[in-house]
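These are the residues of each chain, in order.
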Amino acid sequence: MRSYLVHAAGERARIRHCVFAQAGKKQQAMEILKKMEGIAGIRPGMNSLLIFLEPEGNIEAICGKLEQAFPELASCETDSRPQAGMKKAADPKKTDPQAKNAKRRLELKTLLASGAATVGLAIVGLHHVHALAGGVFTLFAIQHIWQRHGRI
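Peer 1: Which residues make up the sheet that holds strand β1 (residues 5-9), and what values go with them?
Peer 2: With antiparallel pairing, the four strands of this open sheet are ordered in space as β1-β2-β4-β3. Each edge of the sheet is formed by a strand with only one pairing partner; in this case those strands are β1 and β3 (39-45). Going from strand to strand, the sheet's axes swing by 15 degrees on average, the running direction of each strand aside. Examined bridge by bridge, β3 and strand β4 (residues 48-53) share six bridges and lie antiparallel to one another. Its bridge partner lying in β4, G41 is registered against F52. Across the sheet, helix α1 (residues 23-34) touches β3 and β4, and the angle it forms with β3 is around 170 degrees.

In structure tokens form, the structure reads like this:
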């Protein structure tokens, strides 16, 4: 993977490089990318471009075309500063995917269990406890939506 390619996941890719600090260069790169096939859209960022790919989009071909237009992409240091409000990506070697999945499974099981308890208590007729369980379920649901979707 090229050093200026910050991430390429699914139909999105972000390229960040010091050459894009110059407004003229960033605009020139956007014009080159708009003419290419396989690109659904481009959003400029701070020293970066967020590229929305079509399903048939090829990020390697896109990077090759940019390197032809901007030879300094291969030689200049990348700008590793994250954008405002963005966290720097964790090193994938240090992230334990099994622990991450186990945490997610526990969260979902707790969410489902609290929802089931809410329904069960409503059926039995324990309305005060039902209200408490409903509140717990609501908190778990809000936390789940916030974490997975980034907004409520």
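After presenting the structure, the write-up continues.
Peer 1: Any chance you could break down the pattern of salt bridges for me, citing the residues and the numbers?
Peer 2: For the structure shown, the criterion picks out two salt bridges. The shortest N-O distance in the salt bridge between E72 and K25 comes to 3.1 Å. Here the residue E72 occupies a position in helix α3 (residues 72-75), and K25 occupies one in helix α1, the gap between them amounting to 47 residues. Here E72 falls in the partly exposed class, since its relative accessible area comes to 24%. In this structure, E31 and K34 form a salt bridge, with 3.9 Å as the shortest nitrogen-oxygen distance. With E31 and K34 both in helix α1 and three residues apart, the pair spans about one turn of that helix. According to the relative accessible area criterion, E31 is partly exposed, its value standing at 35%. We classify K34 as exposed; its relative accessible area is 52%.

Peer 1: I'd love a proper account of the packing of α1 against helix α2 (residues 59-69), names of residues and values included.
Peer 2: At a minimum axis separation of 11 Å, α1 and α2 run at an interaxial angle of 135 degrees. Viewed along their axes, α1 and α2 adopt a mutual orientation that is oblique. Crossing hand, α1 versus α2: right-handed. Taking contact as the criterion, the partners of A29, I32 and L33 in α1 are, on α2, I62, K65, L66 and A69. Taken together, the residues that form the contact of α1 with α2 break down as six nonpolar, no polar and one charged.

Peer 1: Could you give an account of a nonpolar patch on the surface, with specific residues and numbers?
Peer 2: Taken together, the side chains of V124, L126 and V129 present a nonpolar region at the surface, about 270 Å² in accessible area. Relative to the assigned elements, L126 resides in the loop between α4 (97-124) and α5 (127-149). On the accessibility criterion, L126 (44% relative accessible area) is partly exposed.

Peer 1: An account of the pairing of β4 is requested, with residue identities and associated values reported.
Peer 2: Within β4, five of the six residues are buried, which leaves the element mostly enclosed by the surrounding structure. Here strand β2 (residues 12-16) pairs with β4 via five bridges, running antiparallel. Looking across to β4, one finds that R14 is bridged to L50. The hairpin formed by β3 and β4 contains two residues between the paired strands, and N47 there has a positive phi angle of roughly 60 degrees.

Peer 1: Tell me about the confidence of the model for the chain, residues and numbers included.
Peer 2: Mean pLDDT for the chain: 79, with 80% of residues reaching 70 or above. The low-confidence segment residues 78-88 (pLDDT under 50) makes 21 contacts with residues lying over four places distant or belonging to another chain.

Parameters and conventions
- Throughout, a residue's number is its position along its own chain's written sequence, starting from 1.
- Only residues with pLDDT of 70 or above have their local features reported here, since the model is predicted, and side-chain atom pairs are shown and tallied only from 80 upward, although totals for entire chains, interfaces and linings are computed over all residues.
- As a convention, hydrogens and water are excluded, and side-chain values are obtained from all of the structure's heavy atoms.
- Any two strands between which DSSP finds at least two bridges are classified as paired.
- Numbering of helices and strands runs from the N terminus, with a helix taken as a DSSP run of H or I at least four residues long and a strand as a DSSP run of E at least two residues long.
- Angles run from 0 to 180 degrees between N-to-C directions of axes, and those axes are lines fitted to C-alpha atoms, restricted for helices to the stretch in contact.
- Any two residues whose heavy atoms approach within 4.5 Å at even a single point are treated as in contact.
- We define a salt bridge as a contact between a side-chain nitrogen of Lys or Arg and a carboxyl oxygen of Asp or Glu at a distance within 4 Å.
- Working definition: with a 1.4 Å probe on protein chains only, accessible area under 20% of the residue-type maximum means buried, over 50% means exposed, and in between means partly exposed.
- Throughout, the term roughly parallel applies to angles under 35 degrees, roughly antiparallel to angles over 145, roughly perpendicular to angles from 65 to 115, and oblique to all others.
- The crossing is said to be left-handed when, going from far helix to near helix, the turn is anticlockwise and less than a right angle, and right-handed when the turn is clockwise.
- Amino acids outside the nonpolar list (Ala, Val, Leu, Ile, Met, Phe, Trp, Tyr, Cys, Pro) and the charged list (Asp, Glu, Lys, Arg) are all regarded as polar, and Gly is one of them.
- Think of a patch as exposed residues, more than 30% relative accessible area, with no salt bridge, where like charges cluster within 9 Å and nonpolar side chains (Val, Leu, Ile, Met, Phe, Trp, Tyr) cluster within 5 Å.
- Only the protein chains shown count as covering a residue, and every accessible area follows the Shrake-Rupley method with a 1.4 Å probe.
- How sure the predictor is of each residue is captured by pLDDT, a score from 0 to 100.

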